[in-house]
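Read off the chains here:
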Amino acid sequence: MMLLTHSHTLLASPPCDAFLRLLDGRPVGEQKELLNKWNEMGTDEPDLSLFRPVYAPKDFLEVLINLRNPNYENGDSLSFRTHLGLIQVPLKVKDIPELKECFAELGLNTGQLGIDDSTQVPPELFENEHVRIGQKVLAEQDSAAAQQYIRQGSPTALRAELWALILNISSQPEDILYYEQLKMNVIQHDLLVDSLIYKDVKLTASNDDYYFVFEDYLYQMKKQRFRTQAHTATRNPSQICQFSSPVLLCFSRDTSVLGHFAYNSASPPKSYIRGKLGLEEYAVFYPPNGVIPFHGFSMYVAPLCFLYHEPYKLYQIFREMYVRFFFRLHSISSHPSGIVSLCLLFETLLQTYLPQLFYHLREIGAQPLRISFKWMVRAFSGYLATDQLLLLWDRILGYNSLEILAVLAAAVFAFRAVNLMEVTSLAAAEAVLADLSTLKVMPLLQIFLFATVT
Amino acid sequence: MAGKVKWVTDIEKSVLINNFEKRGWVQVTENEDWNFYWMSVQTIRNVFSVETGYRLSDDQIVNHFPNHYELTRKDLMVKNIKRYRKELEKEGSPLAEKDENGKYLYLDFVPVTYMLPADYNLFVEEFRKSPSSTWIMKPCGKAQGKGIFLINKLSQIKKWSRDSKTSTFVPQSTKEAYVISLYVSNPLLIGGRKFDLRLYVLVSTYRPLRCYMYKLGFCRFCTVKYTPSTSELDNMFVHLTNVAIQKHGEDYNHIHGGKWTVNNLRLYLESTRGKEVTSKLFDEIHWIIVQSLKAVAPVMNNDKHCFECYGYDIIIDDKLKPWLIEVNASPSLTSSTANDRILKYNLINDTLNIAVPNGEIPDCKWNKSPPKEVLGNYEILYDEELAQSDGADRELRSRPGQPLGPRASRTRDSGRSALSTWK
C-alpha cells in the first residue's frame, strides 16, 4: 500500500524502541513513574521535530487523480463529453435537477435556519415554530423525525441533543465505562501514532481561532506542575483521567472502530509480531482502530467541542460521526458519498454549470479540485466559521450524505466566479479562495441549487 | 463648516492614526488650534487641572471625561457603587432589594472589596469569616496586571495593616493604595481554562446617560489550565488573563492570541447550556454595565467636550453569574494578532463616527444623538432620554442579545434598545 510506505518517515530514533512499544505494555514500576511524570512541571513533549504527518490531503489527491478503471475505454478523441477535471473514474454523479429533488427541503419556499432566522426576519414567521417542533421531536425521542427535522437546520440550543438522537447515542453506563477503559489504556500503553496525533493537533487545532480553546480535549499536551496531585497520582490513577480528555488518543485504541471496515472498501493496516511476518495468528491491526490519522484529522473533532463538554459524550459522538461519515472522506470507494464521487460531483457541477470559469481555471493551471479538495476532505472544518459549519453538518446528518460538501464547494466557486475569472495563476486563485470564514453557507447552497439559471 | 478637522494625539498607534488620515483630517500639534485630541490619561489630567488647565472651545473634543477615574480607578469605582446602592436602598427603590442573606438581588455584581490600608480592620473581620478563601490584591493606579497578587493568609499582607510596626510607607499615599477583593475562584472554564471578557462601551454623555456597547467584544484565555490549588496561587499564567501577562507564557500563540470572539462564547454557551441561560447571562452583563455608569453619573463632570470609550473587564463564574472586575479608561490599542488589528481599527472608526458626526469640525452644542446608520458595530446600550420619554407604553421587546454572526440587535429599527426596558 502506497500510504504505508510513508510510515518510515515517522520514526524518530531508535527504530527498534518504537516497534517494541507497539506491542508491549509497561511494567508496573514504569507505569507508576509515568503517572508521576504526567503531573510534572514543564512540557514533557516528545521531540517531534523529526515527525511528519503520514500524508496530507494533497498527497491523497495525487492518488485519486491516478485512479483508472482498466475496463473503461475512453477513446483518444476529445468530445463534449470529455471530462476536463482531474478525476478520471466514470462514477455516476447527480446533476442539479437530481440534487434539487434530493435536497428539496433546502428550496426557496422552505424555511431554513441559516437564512430565515436572520435579524430582518421576524421570529414569528419561521424560527419560533421551528424551535417548538424541535423541542417536540426531542421530547418524543424520535430519531427518524429528528433526521427529517434537521434538514432545515437545528437551533443552537437543541443541536447537541438532536445529533445524539440522530446518531443513536444514549450514553449508558456501559458506554461511559468503555470510555474510561480507553483512557486507562492511554496511560498504560504508548503508541507511536500518539505522536502523529499530537503533532496534528499542534499544527491545526492549536492555531485555529475557534478551536484552540479545546486543544486539551484533543490531546493533553501541557503537563502542569500540580505538586499536590503528584501524590494523588500514585494512589489513584483514575483521578488523573479527569484532567485529560484525549479523545483522539482513545480513538486510536478503540478496536470497536474496526467494525466499520465491514462496509468500508479500505482495509486496516496490519502489523505482525516480531519474527512472525505473514502468520495471521500473529497479526495485529495497527493502530488498534485501524485508522491512520492524516494531517488535519483532529479537525473532525474540534467543532464537536462546541457542543459536548462531557468527554465521554464528545467521544461517542465523534466516533459515530467517523464511522458513519468521515471515514468516507479518506478512503477510496465508489460510494456516492465517498471522496472520489464527491470530487467528481464537484468537477462535473463546475464543468456543466460554470463552463467558462472551469475552462479558464484549467487554462491557467488552476484545476479547481486542487483548491477545493482540502475543504471536502475536512468537511470544511477549519475553513468556515463554526456556526456555519454546524449548520452544514446539520444537513449532512439530515440527508445522511456527504454530497452537500461537493455542492457547497461548487457554490463557493460560483460565488467568487467574478474574481476568479480575473486571476492568471494557481496562487492567485488560491488567494481568492483562501478565506471562507465570512461565508454564509445556506444562502450559497440555496442560490446555487435553486436560483441559478441552468 | 468649512475646513478639515485638526487632530492631535499623544498615543502613537496605527489604528488611531490610520482612522484620522482616512477621514482626511489634518494633524497638528497641541499648541496649535486643534479640534480633536485623542489623549492619554496623563494628558487629560493636565488639560482639566486647576493650575495648568485651559478652557476648551466649542469646536474642540477630547476622548476622556475630566474625572473618569471615578469609574476607572478600582477603589473609586467600588466606592461609587457602594454609595449608589445605599442611596437606592434609602429611597426604597426595588432595585436595592436584598435576599435573606442580606445580599443585593440585582446590584451584587462587584466582588466584596476593601481599600487598603484604610479598611484593613474591616477586611480582617471579613477574612476571618471564611479563612480558606482567596483574595486578590490590586494596586489602585496600575494597569496590565502589574503588581497584582493572590493571598490566602493574613500574614501575606501584613505591611498594609495600619498599626503594623513594619510598615514604612506614608499613609494614604495614592501610589501605594491597594484594593483587596474576594477572588472569583470558581470562574467558568472552557477547555479547562480561565478567561475574562473585554467589552467596549462608549459614553457620549452622562446626564442624560447615553451609552453604546460594541458588539465585537472578546474573551481572553489563559494559556495554562486553571487550578484553584493553593500551590499555584503565584502562577500568574493560571490566574491573570491580561494579554500583557499571557504573552510571556510558553504556550502563547501569536496566531489567535488566546482570544475568542464574544459570538463564539455565545455559540458555545447556547449549544452546551441552552438559550435561556445564555440570554440571561448577556442581559445581566448589559445590566451591570449600565448600573456601573449610573452609579458614577452623579459625580461625573459631564463636560460637553468629552466622550469616552471604556474597556470593561468581566468575569463569568461557573454559575453563569457575571462579575465586574474593572473599567479601563484607556483600553489597549495595541494589536496582538491580525484579527485584533482589524477589530481595533473598526472600533476606533465606529467611535469616531459617533463622537464626531460626519467627520466634520465638531460643535459641542449638538444633541449627541447620532442617527442609527452611523453606529456601525455599536448598539445602543442605554439611552436615558428615550427611556424616560417611554414611560408607561414601553413593551418588552424581543431579547436584545442575538446569537451569532453579524446580526444586529432586532430593536435597532426603533432607535431605542430593548436593553433599556428596565429603568
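Higher on the page you've got the structure.
Read on for a plain summary of the structure. (Residues numbered from 1 in each chain as written. Chains lettered and ligands numbered in written order. Predicted model: local features only at pLDDT ≥ 70, side-chain atom pairs only at ≥ 80, totals over all residues. Heavy atoms only, no water.)

**Concerning the interface of chain A and chain B**
Step number 1: In this assembly, 37 residues from chain A lie in contact with 34 residues from chain B.
Step number 2: Across the chain A/chain B interface, buried area totals approximately 3200 Å², and carbon plus sulfur atoms make up 51% of it.
Step number 3: A per-residue breakdown of the area chain A buries against chain B is headed by Thr119, Phe212 and Phe306 of chain A, which together make up 19% of the total.
Step number 4: Put simply, chain A and chain B have 1 salt bridge between them. (Contact = heavy atoms within 4.5 Å. Buried area = accessible area lost by both parts, 1.4 Å probe. Salt bridge = Lys/Arg side-chain N within 4 Å of Asp/Glu carboxyl O.)

**A closer look at the sheet that holds strand β3 (residues 36-38) of chain B**
Residue and element names in this part refer to chain B.
Step number 1: Here we have 4 strands laid out as an open sheet, ordered β2-β1-β3-β4, and parallel in their pairing. If you trace the sheet from one side to the other, it starts and ends with β2 (26-27) and β4 (61-62), each paired once.
Step number 2: Direction of pairing for β3 relative to β4: parallel, over a ladder of 2 bridges. Of the residues in β4, the one forming a bridge with Phe36 is Ile61.
Step number 3: Sheet contacts for helix α1 (residues 14-22): β1 (6-9) and β3; angle to β1, the most-contacted strand, approximately 175°. (Pairing = 2+ DSSP bridges. Helix = DSSP H or I, 4+ residues; strand = E, 2+ residues; numbered from the N terminus. Axes fitted to C-alpha atoms, helices over the stretch in contact; angles between N-to-C directions.)

**Considering the packing of aromatic side chains**
Residue and element names in this part refer to chain A.
Step number 1: Inspection of the entire model under this criterion finds 42 aromatic pairs over all chains.
Step number 2: Aromatic pair Phe214 and Phe306: ring centres 5.4 Å apart, planes at 70°, arrangement edge-to-face. Of this pair, Phe214 sits in the loop between α9 (192-203) and α10 (215-218) while Phe306 sits in the loop between β2 (283-285) and α14 (311-324), placing them 92 residues apart in sequence. Note on accessibility: Phe214 and Phe306 belong to one class, buried. (Phe/Tyr/Trp six-rings, centres within 6.5 Å; stacked < 30°, edge-to-face > 60°. Buried < 20%, exposed > 50% of the residue type's maximum accessible area, 1.4 Å probe, protein only.)

**Observations regarding the state of the cysteines**
Step number 1: According to the stated counting rule, one finds 0 disulfides over all chains in the structure shown.
Step number 2: Of all cysteine sulfurs, the one in Cys211 of chain B lies closest to Cys309 of chain B, which takes part in no disulfide; the gap is 12 Å. (Disulfide = S-S within 2.5 Å.)

**Some remarks on unusual backbone geometry**
Step number 1: Each neighbour pair has its own omega, and for Leu116 of chain B with Pro117 of chain B the value is 10°, a cis peptide bond.
Step number 2: For the peptide bond that leads from Arg207 of chain B to Pro208 of chain B, omega is 5°, which places it in the cis range.
Step number 3: Residue position: Pro208 of chain B is located in the loop between β10 (193-206) and β11 (209-214).
Step number 4: The phi angle at Asn168 of chain A is positive, at roughly 60°, despite the residue not being glycine.

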